[in-house]
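# Fold and contact review
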Amino acid sequence: MEKMVIEGGYPLNGKVKVNGAKNAALPIMAACLLINGTTKLRGIPELTDVKTLCKILNELGVDTKKCEDGSLDITVKDERNITAPYDLVRTMRASICVLGPLLGKRGMAKVSIPGGCSIGSRPIDIHIKGIESLGAEVVMEDGYVIATGKMKGSEIYLGGPYGSTVLGTCNIIMAAVLAEGRTIIENAACEPEVQDLAHFLNKAGANIAGIGESNLIVDGVDRLNGIEYEIIPDRIEAGTIMIAGAITGGNIVLENDASCYLASVIDKLREAGVGIKITDADKNTPGHVQSSECFVKRDGNIKPVNITTLPYPGMPTDMQAQFSALLSIANGTSIITERVFPHRFMHVAELNRMGANIMNEDAIAIIKGVPKLSGTTVMASDLRASASLIIAGLAAKGITEIRRLYHIDRGYERLEDRLKNLGAKIWREKE
Ligand code: EPU
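What counts, and where the lines are drawn
Position numbers for residues start from 1 in each chain and track the written sequence from start to end. In view of the model being predicted, local features appear only for residues whose pLDDT reaches at least 70, and side-chain atom pairs are presented and counted only at 80 or more, with totals across whole chains, interfaces and linings using the full set of residues. In computing side-chain values, all of the structure's heavy atoms are included and hydrogens and water are not. All domain edges in this entry derive from an automatic or database-based domain assignment. A contact between two residues is defined here by any heavy atoms of the two lying within 4.5 Å. The quantity reported as buried area is the accessible area (1.4 Å probe) lost by two parts once they are put together, taken as the sum for both. What makes a salt bridge here is a side-chain nitrogen of Lys or Arg within 4 Å of a carboxyl oxygen of Asp or Glu, nothing more. In protein, a polar contact requires one atom able to donate a hydrogen and another able to accept it; more generally it is a pair of N or O atoms within 3.5 Å, and residues adjacent in sequence count only if both atoms are side-chain atoms. Per the convention used, a helix needs a DSSP run of H or I reaching at least four residues, while a strand needs a run of E reaching at least two, with both numbered from the N terminus. Residues are grouped as follows: Ala, Val, Leu, Ile, Met, Phe, Trp, Tyr, Cys and Pro are nonpolar; Asp, Glu, Lys and Arg are charged; all remaining types, including Gly, are polar. For two strands to count as paired, DSSP must find a minimum of two bridges between them. Each axis is a line fitted through C-alpha atoms, taken for helices only over the stretch in contact, and angles between the N-to-C directions span 0 to 180 degrees.

### Observations concerning the domain arrangement of the protein
- Per the domain assignment, the segments of the protein are domain 1 (2–19 + 233–430) and domain 2 (22–230).
- Taking only C-alpha atoms, the centre of domain 1 and the centre of domain 2 are 29 Å apart.
- On the side of domain 2, 22 residues touch domain 1, which itself brings 26 residues to the contact.
- For the pair domain 1 and domain 2, the summed buried surface comes to about 2,000 Å²; carbon and sulfur atoms form 54% of the total.
- At the boundary of domain 1 and domain 2, one finds two salt bridges.
- In this structure, R410 and D49 form a salt bridge, with 2.8 Å as the shortest nitrogen-oxygen distance.
- At the surface where domain 1 touches domain 2, the tally comes to six residue pairs in polar contact (both at pLDDT 80 or more).
- Taken together, the elements giving at least two residues each to the side of domain 1 that touches domain 2 come down to α12 (383–395) and α13 (406–411).
- Per element, the largest residue contribution to the side of domain 1 that touches domain 2 is three residues, and it comes from α13.
- Along the lines of polarity and charge, the residues of the side of domain 1 that touches domain 2 split into eleven nonpolar, five polar and ten charged.

Pasting the structure below:
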């Protein structure tokens, strides 16, 4: 096992390129199950979660080939197996995104039911309701969801206790693209990653209208063909690096930046006193490489701000832990309300071990800013919690050691190398 070690107190300066989005890459890779011929995907980040999904696709008779130019070629070779096994699914909850395309193309899917995780219970009831409405017969047996049936267009309302569902929307879109007739998805998730999946599918021959809106219309087509496609930049990686720059009082530039998807994050960073300037924002070309650069600079103190996480275009829950770290050294008290995963506060106790003063009750955290954090040994509980501890470590006095590092490699490609290039003192060591 490895741990991350950070010597805090060095401002980040310089340029960094934002990678392709993990949460767009995963459903788009799964969508290749629907496609005849080879699909070439560009901008797929090197992450454990991507490797896990490749393994699941391989089990499902799909060839995944990493090319010399960094692109990933995906070709379905054999459609007989329809099982995504427990041993792979248990390591990545997002594996559920093979359910929709397997059902849509092979008429049958057997996917291990993902367990809970440290950010909450994470049920899949809305996914199930959606595929049932398209005509699937669903049984839950021996820890697996087993779904069968020929998909037929229908009207589906995707509502849950906290709004829509991102991967649920992806699953229903993928189950519906080859269905007979028209599917109307009401209260669809509008996240940029869902939009990217829909743009990808349309390029491959699907007929999806209303992309980016809460009502999607999917008219079934007979087949989808292999294409080349570039994944959008990762807005959460971009936001994480912006906050890392801001907390260290640095001056950084993000290239291939995702700021067109980060209005809520940029708004709150500005309110907190962080200077952000964006050039050449290419707002209207989702599904294409962004050409903009984003300059992040902080001179004065961090000001307190109140944040409520919400579905897109609201503040992403995937940025909440990073903001908690930043606001822990603000000049006053901030309140964070978590409206997507109400129990996603595992990072709070660890930040408090570093000297933060955060009180969490139910879905609310009250953060009383302290002048300085101090380095110590902390435990990462999930991907974004790891990012928040790294951010805190970059600003803390002394040495921070972060254990259970494997979480970070699930969603950030070589994060420490990229922070090192910006001037951070950060490295890995054997535990
Ligand atoms: N929900 C239900 N029933 C369902 C599905 C969801 O009650 O059938 C609830 C969830 O428990 C949660 C809320 O609805 O309270 C929203 O969950 P959603 O389904 O939208 O989450 P997800 O699709 O499983 C994706 C991202 C998460 C991100 C959320 C919210 C991927 C691979 N994962 O998860 O990303 O936090 O949307 O934006 O796209 C991460 O990258 O660290 C991460 C956790």
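### Concerning the sheet that holds strand β21 (residues 333–338)
- Read from one edge to the other, the open sheet built from four strands follows the order β20-β21-β23-β22, with strand pairing classed as mixed. Every other strand in the sheet has two partners, leaving β20 (307–309) and β22 (357–361) as the edge strands with one partner each. Each strand axis lies, on average, 15° off the axis of its neighbour in the sheet, ignoring direction.
- As judged from the five bridges shared by β21 and strand β23 (residues 364–368), these two strands associate in the antiparallel manner. Counterpart to I335 in the pairing with β23 is I366.
- Together, β20, β21, β22 and β23 form the strand contacts of helix α10 (residues 320–327), whose direction differs from that of β21 by roughly 170°.

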